[in-house]
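Next come the chains, spelled out residue by residue.
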Amino acid sequence: MNTVLSRANSLFAFSLSVMAALTFGCFITTAFKDRSVPVRLHVSRIMLKNVEDFTGPRERSDLGFITFDITADLENIFDWNVKQLFLYLSAEYSTKNNTISNDKVRKDVAECWVYEEMGVRHCCSGVPLFRPKFSFHSFDWRKALNQVVLWDKIVLRGDNPKLLLKDMKTKYFFFDDGNGLKGNRNVTLTLSWNVVPNAGILPLVTGSGHVSVPFPDTYEITKSY
């Protein structure tokens, strides 16, 4: 004879099974959806200064200032399995300090620690001096780049998904570990986002659109009064 406790246990187990099935259905129906949308980036102003970097060994480093516009329609990304989007604008560029010479180029893909501090991801060729915040990240030694996060934004479900941002300033310092920004002709800005789902994986998507801008050959002189 079934007691009240055994019936309650059966009902609870059946409810968990139904919830698990619904959660898996929510995930599988959106797992293969394309989350990329067109993005238009425009840079209206670039300014470059050479200042003392107080976050490092107190050496003078390049500091860039960028004014930019972002236009994108994120409405197609949102569905019943999207809780929010974490947008971030990153700059990628190569420098002399982060370029491997031909005699040291490896043909295979190496494993490297990626360490992030102040929005800068540094690729280390050996054992890292700091404990990284990221896990192992695969990259090709022949394509070593500097990657800097300049700006970010969280778009919640129910917010306006259409971005029309004008004359935006960088949210984080655009510091280079040296003088790699001066005269650099290929600094590429890209808008990417993490899709935060209700159930399932956390995909990282890059928008189909970027802009490459040259940095000036001279520094902006700060006037003192």
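The coordinates are above.
Figured I'd write up the structure that's included with this text. (Residues numbered from 1 in each chain as written. Predicted model: local features only at pLDDT ≥ 70, side-chain atom pairs only at ≥ 80, totals over all residues. Heavy atoms only, no water.)

## What to know about unusual backbone geometry
In the Ramachandran plot, D167 falls in the positive-phi region, its phi being about 50° despite a non-glycine side chain. Looking at the element boundaries, D167 is found in strand β9 (residues 162-169). A relative accessible area of 52% places D167 in the exposed class. (Helix = DSSP H or I, 4+ residues; strand = E, 2+ residues; numbered from the N terminus. Buried < 20%, exposed > 50% of the residue type's maximum accessible area, 1.4 Å probe, protein only.)

## Topic: the pattern of salt bridges
Here the structure, examined in full by the defined rule, presents four salt bridges. The salt bridge partner of D79 is R35, with a shortest N-O separation of 3.0 Å. Placement of the pair is D79 in the loop between β2 (60-73) and β3 (82-93) and R35 in the loop between α1 (4-28) and β1 (39-52), with a sequence separation of 44 residues. The exposure classification of D79 matches that of R35, with both residues buried. (Salt bridge = Lys/Arg side-chain N within 4 Å of Asp/Glu carboxyl O.)

## Quick look at the nonpolar core
A general tendency of soluble globular proteins is for nonpolar side chains to be buried together. By size, the foremost hydrophobic cluster in this structure holds 35 residues, and its most contacted members are L74, L85, F174, L189, L191 and W193. Going through the elements one at a time, β1, β2, β3, β8 (146-156), β9, β11 (187-197) and β12 (204-213) are the ones with two or more residues in this core. With six residues, the top contributor of residues to this core is β3. (Core = buried A, V, L, I, M, F, W, Y, C linked by side-chain atoms within 4.5 Å.)

## Remarks on a nonpolar patch on the surface
Taken together, the side chains of L11, F14, V18 and L22 present a nonpolar region at the surface, about 420 Å² in accessible area. Structurally, L11 is set in helix α1. (Patch = residues over 30% accessible without salt bridge, like charges linked within 9 Å, V, L, I, M, F, W, Y side chains within 5 Å. Areas by Shrake-Rupley, 256 points an atom, 1.4 Å probe, with all protein chains shown as cover.)

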